[in-house]
Amino acid sequence: MLQTKTFKIGRKSVVALGAALAMWTLAWPATVSTRADATTAPSDSVSDDPSISTIVLQPGKAKKMSFDQRVKRANILAPDIADVIPLGPNELLLTAKKSGSTQLIVWDESDHTQIMNIEVATPVAILQKRLLGLFPQSKITVEDANGTITLTGQVHDLDTARRVETIALPYSGANKLVDLMEVGGGQQVMLKVKFAEVSKQAEKELGFNFGGNGGTSIWGSNLGPNALGVVSNNASGIVPGVLPNFLSIPASATMFGTGAFAGTAFAYFVDALEDNSLLRTLAEPNLVTTSGQQASFLAGGQIPYPVPQTGTGGGSTITIQWQQYGVQLKFTPIVLGNGRIRMKVNPDVSDLDYSHEYAIPGGGVVPGLIDRNVDTTVELSEGQTLALAGLLQDNVTATNRQFPLLGDVPVLGALFRSVSYQKNETELVILVTPVLVHGIDPGDVTPVPGEKWRDPNSAQLYLLHDLGGEELPPPPARPEGATDQTPQFQGPAGFQPPPAGGK
C-alpha cells in the first residue's frame, strides 16, 4: 500500500507564497530567462511522436517564435543544448548552443501546454540523419570539407545513388558534391553482340554499238564515253570490205561480229550483262567491362588517307591520316541494381566503296566508305536481348543513254540506246545481350584452342603427312579384373509367366 505524506503550510505562508508566484508570473515575460531545473533529454518515444513538431537549428543560430496566446511560461529540458529568451507576451527567442536534441515546453494563460522537439545539429549531421531515415538499408557516410559535401559508403542500386545526390546537394554551401559511393552487386558486364548483314546486288546492262566502212567513208554509232570500247583513230587507209581500225573489238562486248555487203564492211558490238551477287557478313564479339566504363571492339582495318598541309615556308607537305573501317562496337553499361542494366550502345558497320574513289593530287586514288551506325541508350534486364533491326538500304540506279530522236523510234530505236540498271539491297541486324559476369578460379578454366598442341616428328611429317594437332585425351583407365572374354550367361532364356495363383 502506498503511503502519502501531507505537508501543512500556515495561512500566512500560503498568502506570501501566492503573492510571490503572482509577481514572478507578471514579471517573467519582460525580464526572466527561462531555464529548466531538469536537464534530462527527452526519450526517443517522445521525440519520435509524429504529433510533435520539430525545430531544426544549427549551433550558434537563433529562431524567433510567435504564438497566438500570451505565453505564461516556457521551459527547455536541456538548457546546455538550447536556450529560450522572452521577447514579448507572445514571442520567444530560441537560441541553439551545441549539437543535440531536447524539447521546449510552453504554457499559455489557460495552462495549455505545447511541446516541440528541438534538434541542434550541423548541416552534415542533419543530412546524415535524413539519409539514414530515407535509406535505412544503405550505408552512407556524409563529410563536409570546406563547404563540399562528400558521400561515401555503399548503396544497393544506381537509382538510390542518384536520389542521395539530389537530396545532399542543397546541404552544400558551395553547391559542390563529391560522390564516392559504391553500388552493391555485380559490376562487371559482358555484352554479347551479333552482327548479321546480307547484301544483294543485281545489275543489268544492254547496249548496241556498230560501225561500217564503205571504202570512201566510215560511219558508226558509239553511245556514251567509249561505252563499248570504240575508240577514235586515224581514218586514213580505208580499204573497202575491211574492218576499220578505229572499231577495235572492246573487252566489254558480250556479242560482236563483222560482215560485208555490196563492198561495204560493217561491225557490231552488243554489251548485254545480267549480274547477281550476294554478300553475307556475321560477327559475334563479346566484350567485358565494369559499370560506367566504355568498351570498344573493331573487326576490320585502317585505310590511309593523305592529308596535305601547308608548311611554315609556304610549301605543302603530305601527312597520313588513318581511317578505321569494318565492324565496330562501343558500349557503356551502367548497373542499376535488381538485375537492370542501362546501356549506351554505338554499333558501326562500314566498308570500302571503290565506286566513289578520290583522286589524290600527284597520283593515286583512295576509296570512299559506306557507313551504317546506330547510337542509342536502352535499359534491359540481365540476359534479355535487344534486336536492332530495320536497318534496310535499297539503292536503285538506272541510266538510259540514247541518240536524240533515233533512240525514240519504235523497235529500231533499241539500236541507238544503251540502258543500265543496278539495284543494291542491304539488311543489317544487330542483337545485343548484356550479362553480369565474374571471374573464375584458375582450376576451372578450360583449355584454349592450341594450348595443348602436338608437334609431329620427322617420320610423322614426311611419311604420314601429319602436320600436328590437338593432343587427344588419354583413354579411360581399365577397371580392375576386366578381361577381353565375352561374358557367358547360364540359365533359362525368354519370358516365363508366373505360376498360377500368384505363387
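Residue numbering note: each chain is counted from 1, following its sequence as written. With pLDDT at 70 or above as the cut-off, local features in this predicted model cover only qualifying residues; side-chain atom pairs require 80 or more to be listed or tallied, and sums for whole chains, interfaces and linings still use all residues. As a convention, hydrogens and water are excluded, and side-chain values are obtained from all of the structure's heavy atoms.

1. Considering the overall build of the chain
Helix and strand definitions here come from DSSP, where helices need a minimum of 4 consecutive H or I residues and strands a minimum of 2 consecutive E residues; each element is numbered from the N-terminal end. A count of helical and extended segments in the chain gives five helices and 25 strands. Relative accessible area decides the class of each residue, using a 1.4 Å probe on protein chains only: under 20% of the type maximum gives buried, over 50% gives exposed, and in between gives partly exposed. Counting all 503 residues of the chain, 29% fall into the buried class. Any pair of residues with heavy atoms lying within 4.5 Å of one another is described as a contacting pair. Across the chain, contacts joining residues at least 24 apart in sequence account for 62% of those joining residues at least 6 apart. Here the Shrake-Rupley method, with its probe set to 1.4 Å, supplies the accessible areas, and only the displayed protein chains count as covering residues. Counting every atom, the chain has about 33,300 Å² of accessible surface; 55% of that belongs to carbon and sulfur.

2. Structural notes on the side chain of Thr289
Checked against the element boundaries, Thr289 lands in strand 16 (residues 286-290). Excluding residues within four positions of it along the chain, Thr289 makes contact with Gln187, Gln188, Val189, Gln294, Ala295, Phe331 and Pro333.

3. Details of the sheet that holds strand 5 (residues 91-96)
To summarise the sheet geometry, strands pair through backbone hydrogen bonds and adopt either a parallel or an antiparallel arrangement. When DSSP finds two or more bridges between two strands, those strands count as paired. Strand order in the open sheet formed by three strands is 2-5-4, and the pairing between neighbours is antiparallel. Edge positions in the sheet fall to strand 2 (62-66) and strand 4 (82-88), since each has one partner strand and no second. Each strand axis lies, on average, 25 degrees off the axis of its neighbour in the sheet, ignoring direction. Between the N-to-C directions of two axes lies an angle of 0 to 180 degrees, each axis being a line fitted to C-alpha atoms and, for a helix, fitted only over the stretch in contact.

4. Quick look at the packing of aromatic side chains
We describe a pair of aromatic rings using the distance from one ring centre to the other and the angle between the two ring planes. Planes of paired rings set the category: under 30 degrees apart is stacked, over 60 is edge-to-face and the rest tilted, where pairs are Phe, Tyr or Trp rings (Trp by its six-membered ring) whose centres lie within 6.5 Å. Using the criterion set out here, one finds zero aromatic pairs in the structure. Note that Arg73 overlies the ring of Trp107, its terminal NZ or CZ placed 4.7 Å from the centroid. Charge over a ring is defined by NZ of Lys or CZ of Arg lying within 6 Å of the ring centre and within 35 degrees of the ring normal.

5. Comments concerning the pattern of salt bridges
We count a salt bridge whenever a side-chain nitrogen from Lys or Arg sits within 4 Å of a carboxyl oxygen from Asp or Glu. Tallied over the full model, the rule gives nine salt bridges. Across the pair Lys98 and Asp80 runs a salt bridge, and its minimum N-O distance is 3.4 Å. Of this pair, Lys98 sits in the loop between strand 5 and strand 6 (100-108) while Asp80 is found in the loop between strand 3 (71-76) and strand 4, placing the two residues 18 residues apart along the sequence. Relative accessible area serves as the criterion here: at 41%, Asp80 is assigned to the partly exposed category. Taken together, the salt bridges that share partners define one network made up of Arg340, Arg342 and Glu379.

6. Here we look at the confidence of the model for the chain
Predicted confidence across the chain gives a mean pLDDT of 75, with 78% of residues reaching 70 or more. Scored from 0 to 100, pLDDT reflects the predictor's confidence in each residue. Contacts for the low-pLDDT stretch residues 1-47, under 50 throughout, to residues beyond four places or in other chains number 49 contacts. Across residues 225-237, confidence stays below pLDDT 50; counting only partners more than four residues off in sequence or on other chains, it has 26 contacts.

7. Quick notes on a negative patch on the surface
Patch definition: residues above 30% relative accessible area lacking any salt bridge, with like charges linked at up to 9 Å and the nonpolar side chains Val, Leu, Ile, Met, Phe, Trp and Tyr linked at up to 5 Å. Asp and Glu count as negative and Lys and Arg as positive, but His and the ends of the chain are not part of the count. For charged residues, the charge sits on one atom: NZ in Lys, CZ in Arg, CG in Asp, CD in Glu. Among the surface-exposed residues, Glu451, Asp455, Glu470 and Glu471 lie close enough to one another that they form a single negatively charged patch. By secondary structure assignment, the location of Glu471 is in the segment after strand 25 (469-470).

8. A look at the nonpolar core
Ranked by size, the top nonpolar core spans 23 residues in total, and within it Leu191, Phe195, Leu329, Met343, Ile430 and Val432 carry the most contacts. Contributing elements (two or more residues each) for this core: strand 12 (188-213), strand 18 (316-337), strand 19 (340-359), strand 21 (376-381), strand 22 (386-402) and strand 23 (417-436). Residues enter a nonpolar core if they are buried and are Ala, Val, Leu, Ile, Met, Phe, Trp, Tyr or Cys, with the set joined through side-chain atoms within 4.5 Å. Counting residues in each nonpolar core, the second largest holds 19 residues, with Ile76, Ala82, Leu94 and Val120 among its members.

9. Some remarks on helix 3 (residues 123-134)
Helix length check: helix 3, at 12 residues, gives a terminal C-alpha distance of 16 Å against a target of 16 Å (1.5 Å per residue), a fit within 8%. By the burial criterion, the buried members of helix 3 are Val124, Leu127 and Leu131. Taken end-on, helix 3 shows its buried residues confined to a sector of 65 degrees, consistent with a single buried face. Residues of helix 3 that are exposed and angled more than 90 degrees away from the buried face: Lys129, Leu132 and Gly133. Buried residues belonging to helix 3 abut strand 8 (139-145), strand 9 (148-155) and helix 4 (158-168). Helix span, as expected, comes to 1.5 Å for every residue beyond the first. What the arc describes is the spread of directions from the helix axis to the C-beta atoms.

10. Structural notes on the sheet that holds strand 7 (residues 113-120)
Read across the sheet, four strands follow the order 1-7-6-3 without closing on themselves; strand pairing throughout is mixed. The open sheet has two edge strands with one neighbour each: strand 1 (53-57) and strand 3. Strand-to-strand twist across the sheet, computed as the mean angle between neighbouring axes with direction ignored, equals 25 degrees. In this structure, strand 3 lies alongside strand 6, joined through five bridges in antiparallel fashion. Its bridge partner lying in strand 6, Ile76 is registered against Leu104.

11. Quick look at helix 4
Within helix 4, the full set of buried residues consists of Leu158, Thr160, Ala161, Val164, Ile167 and Ala168. Looking at the packing, one finds that the buried side of helix 4 touches helix 3, strand 8, strand 9, strand 10 (176-179), strand 11 (182-183) and strand 18.

12. Re the pairing of strand 9
As judged from the seven bridges shared by strand 8 and strand 9, these two strands associate in the antiparallel manner. Pairing of Lys139 across the sheet is with Gln154, part of strand 9. Counting the residues that bridge the hairpin from strand 8 to strand 9 gives two residues, and of these Asn146 lies at a positive phi of roughly 55 degrees. Sheet analysis places strand 9 next to strand 10, joined by four bridges and oriented parallel. Counterpart to Ile149 in the pairing with strand 10 is Leu177. With two bridges joining them, strand 9 and strand 11 adopt parallel strand pairing.

13. Regarding the packing of helix 3 against helix 4
Following both chains from N to C, one finds helix 3 and helix 4 inclined at 150 degrees, their axes separated by 11 Å at the closest point. Handedness of the helix 3/helix 4 crossing: right-handed. Within the contact between the two elements, helix 3 uses Leu127, Arg130, Leu131 and Leu134 and helix 4 uses Val164, Ile167 and Ala168. Side-chain classes are defined by residue name, with Ala, Val, Leu, Ile, Met, Phe, Trp, Tyr, Cys and Pro counting as nonpolar, Asp, Glu, Lys and Arg as charged, and the others, Gly among them, as polar. When grouped by side-chain class, the residues that make up the contact of helix 3 with helix 4 number six nonpolar, no polar and one charged. By definition, any crossing whose near helix is turned counterclockwise from its far helix by less than a right angle is left-handed, and any crossing with a clockwise turn is right-handed.

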